[in-house]
Amino acid sequence: MTITDRIIQSIRDVPDFPKPGIIFKDITPLLKDVQLSSDITQALKQHWENYRIDAIVGIESRGFIWGNSLAQAMKIPFIPVRKKGKLPAETFAHSYDLEYGSAEVEIHADAFEGQMNVLIHDDLLATGGTAVAAAELVKRAGGKVAGFSFLVELSFLNGAETLKKYKEEIHSLVSF
Ligand code: AMP
């Protein structure tokens, strides 16, 4: 079975979470399957080792999981983008609109050394708002967006269209 089929089989759909009408794609069953979790890291590595990537930015909090595993596998630094108020040293911040209200994310001001080519990773791409915020932070901190990596893409929400203006290299292991 392909890695795509194995992820599809393992993901748990939770209807009406965190609010009515949303089908939440729960990736926690993937984490219980040690072989699958490790194969996901290898599949991501196999794709991205063909590009020049100097660092991986993972988006809090599920972007930390395979973002850091991938960074370890590729032997490059991992940098967290976190919700406002969590990073202790000097930061750059970016706020963005959500369906209801707004959110703010931060990156450490000294995240990158020189102009690094940065891969932005999260578990899931929906509208693209979160990944755009991460891309803005990467630019603010002096990095160059080299691509976007997701486990899952909800393609009917057209998030990839929004991300293309930063970089065309957008990769997901599964697309719904
Ligand atoms: P967006 O900014 O709309 O692309 O939303 C992406 C962020 O929200 C990611 O960090 C996802 O983990 C989370 N997210 C959005 N929709 C879902 C969903 N249906 N299932 C799981 N996570 C989601």
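Residues numbered from 1 in each chain as written. Predicted model: local features only at pLDDT ≥ 70, side-chain atom pairs only at ≥ 80, totals over all residues. Heavy atoms only, no water.

> Honestly, the environment of leucine 163 in this entry has me stumped. Any pointers?
Within the fold, leucine 163 resides in helix α6 (residues 159-163). For leucine 163, a relative accessible area of 0% gives the class buried. Sequence separation of leucine 163 and glycine 129 is 34 residues, and the distance between their C-alpha atoms is 8.8 Å. With sequence-adjacent residues up to four places away left out, leucine 163 is seen in contact with Leu125, Gly128, Ala131, Val132, Phe148, Phe150 and Ile170. (Helix = DSSP H or I, 4+ residues; strand = E, 2+ residues; numbered from the N terminus. Buried < 20%, exposed > 50% of the residue type's maximum accessible area, 1.4 Å probe, protein only. Contact = heavy atoms within 4.5 Å.)

> Explain the packing of helix α3 (residues 34-48) against helix α4 (residues 63-74) to me, please; I cannot follow it from the model alone.
For the pair α3 and α4, interaxial distance at closest approach is 9 Å and the crossing angle is 60 degrees. On the basis of the axis angle, α3 is oblique to α4. Once α3 is placed against α4, the crossing between them reads as right-handed. Residues Ser37, Ile40, Thr41, Leu44, Lys45 and Trp48 of α3 touch α4, and the partners they reach there are Trp66, Ser69, Leu70, Ala73 and Met74. Of the residues contributing to the contact of α3 with α4, the split by class is 7 nonpolar, 3 polar and 1 charged. (Axes fitted to C-alpha atoms, helices over the stretch in contact; angles between N-to-C directions. Parallel < 35°, antiparallel > 145°, perpendicular 65-115°, else oblique. Left-handed = near helix turned anticlockwise from the far one by under 90°. Nonpolar A, V, L, I, M, F, W, Y, C, P; charged D, E, K, R; others polar.)

> Is there a simple way to explain the packing of helix α1 (residues 3-10) against α3 in this structure?
Packing of α1 against α3 leaves a shortest axis separation of 11 Å and a crossing angle of 135 degrees. Here α3 runs oblique to α1, going by the angle between their axes. As α1 runs across α3, the sense of the crossing is left-handed. Along its contact with α1, which presents Ile3, Arg6, Ile7 and Ser10, the element α3 presents Gln35, Leu36, Asp39, Ile40 and Ala43. When its residues are assigned to classes, the contact of α1 with α3 shows 5 nonpolar, 2 polar and 2 charged.

> So what exactly am I meant to see when it comes to the site of the ligand here?
Near the ligand you find 13 residues, and of these Arg62, Asp122, Asp123, Thr127 and Thr130 are the closest. Within the backbone of isoleucine 23, one N or O atom sits 3.0 Å away from a nitrogen atom of the ligand. Lysine 25 places a polar main-chain atom, nitrogen or oxygen, 2.9 Å from a nitrogen atom of the ligand. Surface burial for the ligand is 81%, taken as the share of its 490 Å² of free accessible area covered by protein chains. At a threshold of 2 Å from the grid points, most atoms of the ligand map onto the largest pocket. Those elements that place two or more of their residues in the shell around the ligand are β2 (23-26), β7 (117-125) and α5 (129-140). Its residues assigned to classes, the shell around the ligand shows 5 nonpolar, 4 polar and 4 charged. (Near = heavy atom within 4 Å. Polar contact = N/O pair within 3.5 Å; in protein donor to acceptor, adjacent residues only side chain to side chain. Areas by Shrake-Rupley, 256 points an atom, 1.4 Å probe, with all protein chains shown as cover. 1 Å grid on protein atoms, 1.4 Å probe; cavity = no way out; pocket = protein on both sides within 12 Å on 5 of 7 lines; lining within 4 Å. Sits in = over half its atoms within 2 Å of the grid points.)

> Which parts of the structure should I look at to understand the sheet that holds strand β9 (residues 170-175)?
A sheet is described by the order of its strands in space; here 7 strands give the open sequence β5-β6-β4-β3-β7-β8-β9, paired in mixed fashion. The two strands at the open ends of the sheet, each matched to only one other strand, are β5 (91-97) and β9. Along the sheet, successive strands turn relative to each other by an average axial angle of 20 degrees, direction set aside. As paired elements, strand β8 (residues 144-153) and β9 share 5 bridges and run parallel to each other. Bridge assignment links valine 152 to a residue of β9, and that residue is valine 174. Lying on the sheet, α3 is in contact with β7, β8 and β9; it crosses β8 at an angle near 145 degrees. (Pairing = 2+ DSSP bridges.)

> Just to check I follow, could you spell out the nonpolar core for this structure?
Buried together is how nonpolar side chains tend to be arranged in soluble globular proteins. Residues Val57, Ile107, Phe112, Ile120 and Phe148 are the most contacted members of the largest nonpolar core, which totals 30 residues. Taken together, the elements giving at least two residues each to this core come down to β3 (55-59), β4 (78-83), β5, β6 (102-108), β7, α5, β8 and α6. Counting 24 residues, the second-largest nonpolar core is a separate cluster that includes Ile40, Met74, Leu119 and Leu151. (Core = buried A, V, L, I, M, F, W, Y, C linked by side-chain atoms within 4.5 Å.)

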